[in-house]
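# Understanding the architecture of this molecule
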Amino acid sequence: MGILSGFKVKIVTNCLEKKLDIDFGQGSERTGWYYIGEKKILRVTLPKEHGGDSLSKRIAKKVINSLRLTNQEFRNLYDCPMSGSDYEQKIKSLIQSNEL
Amino acid sequence: MREPSTRKEPMSSLSDFEMLLPVWNKTERSKVMRHFPDIGSMIASNWAEMVSSYLKRDLEYREDLTELTSRVDYLASGLDSLKKELSTCKESIDNLYEEFTDRPIIKETRLFDIDEEFEVIEPLPIVIEESDDEVIATFPEVEVFAVGSGEAEAINNLKREVSKLYYELINTPDEQLGRVPQSWKRVLTKVVRRVGNT
């Protein structure tokens, strides 16, 4: 099974809501902003899955890209080793290096 | 019964002695001994030669066996390594096959309309990724995508998402937007214009 397989939509949603304080609204495509302070930094979309409770590999890749993470970092975020503050540090360093 | 040889010279080989076996009994022993006075030493010498030859052959067989065993061990370890490589190859082929069969049909197109609230100033370049179970429509420049079970549904959902993003950005002051969302805002305000009441 590849690194992009097996991401459950519910767990991803919970993880992003709890760790990154992203508030996903309701609708056909659920989107939410990642804030640092009062600033909107990144926007994440979690589409309702068609035919399964797991994210397809392509959708997972889009979510990962929108969070500016590598596949492994997203796996760490999903599986728990990466905390919300770890993520914040990573994003801050990307902002500092003008990559975001 | 065959008469023993009358020759006086010592026997040269064991086979000569074996010829005498049929007459080798008590009654004729003296006769034999008379003909072959050194038969005892001949027997001993022949047996020693035989045993030595057997031992030599046994040693050679053992050496051959050791070499054969080491060759078999070498082949077995080579076979194990081949099995591992084969298993890795199989895994790679399976992965490639999975990627190949999962590969979506990708095409590029443009959006000429969002909805009645927007006028499209410049057609929006979008990418459609179509696979067996889903279609994803993406407007890469502003990182918006939407999913549908078919192309039309995905495109309609994308239009909704573009509209939603536009309002989210336009209703947020620039100072509350990071660098990337600010760039999305610039792109969207270049390509679409609000014409509706909202």
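Everything discussed here concerns the structure shown above.
Our subject in this report is the structure included herewith. Because the structure is a prediction, the values reported are computed rather than measured.

### Here we look at the overall build of chain B
- Looking only at helices and strands, chain B features five helices and six strands.
- Sorting the 198 residues of chain B into buried and exposed places 17% on the buried side.
- Taking contacts inside chain B between residues at least 6 apart in sequence as the whole, the part at least 24 apart equals 41%.

### What about the interface of chain B and chain A?
- Opposite the 21 residues of chain B that make contact, chain A presents 19 residues.
- Contributing elements (two or more residues each) for the side of chain B that touches chain A: strand S5 (144-148), helix H4 (151-170) and helix H5 (179-191) of chain B.
- Ranked by residue count, the leading element in the side of chain B that touches chain A is H4(B), at four residues.

### Remarks on the packing of H4(B) against H5(B)
Residue and element names in this part refer to chain B.
- Running from amino to carboxyl end, H4 crosses H5 at an angle of 115°, the nearest separation of the two axes being 10 Å. Considering how the two elements wind past one another, H4 and H5 form a crossing that is left-handed. Of the residues in H5, those in contact with Leu165, Tyr166 and Leu169 of H4 are Pro181, Trp184, Lys185 and Leu188.
- Here the residues of the contact of H4 with H5 are counted per class, giving six nonpolar, no polar and one charged.

### A word on the sheet that holds strand S4 (residues 135-139) of chain B
Residues and elements named next belong to chain B.
- Strand order in the open sheet made by the four strands is S1-S3-S4-S5, with antiparallel pairing throughout. The open sheet is flanked by strand S1 (105-111) and S5, the only strands paired with a single partner. Mean inter-strand twist for the sheet, computed between neighbouring axes without regard to direction, equals 20°.
- As paired elements, S1 and strand S3 (residues 124-130) share seven bridges and run antiparallel to each other. In the sheet register, threonine 109 faces S3, and the bridge partner there is isoleucine 126.
- Here H4 sits on the sheet and contacts S1, S3, S4 and S5; the angle it forms with S5, its principal contact strand, is near 145°.

### Topic: helix H3 (residues 71-79) of chain A
Residues and elements named next belong to chain A.
- For H3, every residue scored as buried is listed here: Phe74, Leu77 and Tyr78. The buried residues of H3 occupy one face: seen down the axis, they fall within an arc of 95°. Opposite its buried face, H3 presents the exposed residues Gln72 and Asp79, each directed more than 90 degrees away.
- Downstream of H3 by a residue or two, cysteine 80 has a phi angle that is positive, lying close to 105°.

### Looking at the nonpolar core
- The biggest cluster of nonpolar side chains holds 46 residues, and the ones touching the most others in it are A:Val44, A:Val63, B:Ala137, B:Leu158, B:Leu165 and B:Leu188.
- With six residues, H4(B) is the largest single contributor of residues to this core.
- Contact partners of B:Ala137, with chain neighbours within four places excluded, come to B:Ile126, B:Ile128, B:Phe145, B:Ala146, B:Ala154, B:Ile155 and B:Leu158.

The rules behind these values
Residues numbered from 1 in each chain as written. Chains lettered and ligands numbered in written order. Predicted model: local features only at pLDDT ≥ 70, side-chain atom pairs only at ≥ 80, totals over all residues. Helix = DSSP H or I, 4+ residues; strand = E, 2+ residues; numbered from the N terminus. Buried ≥ 20, exposed ≤ 12 C-beta atoms within 10 Å, placed from the backbone. Contact = placed C-beta atoms within 7 Å. Axes fitted to C-alpha atoms, helices over the stretch in contact; angles between N-to-C directions. Left-handed = near helix turned anticlockwise from the far one by under 90°. Nonpolar A, V, L, I, M, F, W, Y, C, P; charged D, E, K, R; others polar. Pairing = 2+ DSSP bridges. Arc of directions from axis to C-beta. Core = buried A, V, L, I, M, F, W, Y, C linked by C-beta atoms within 7 Å.

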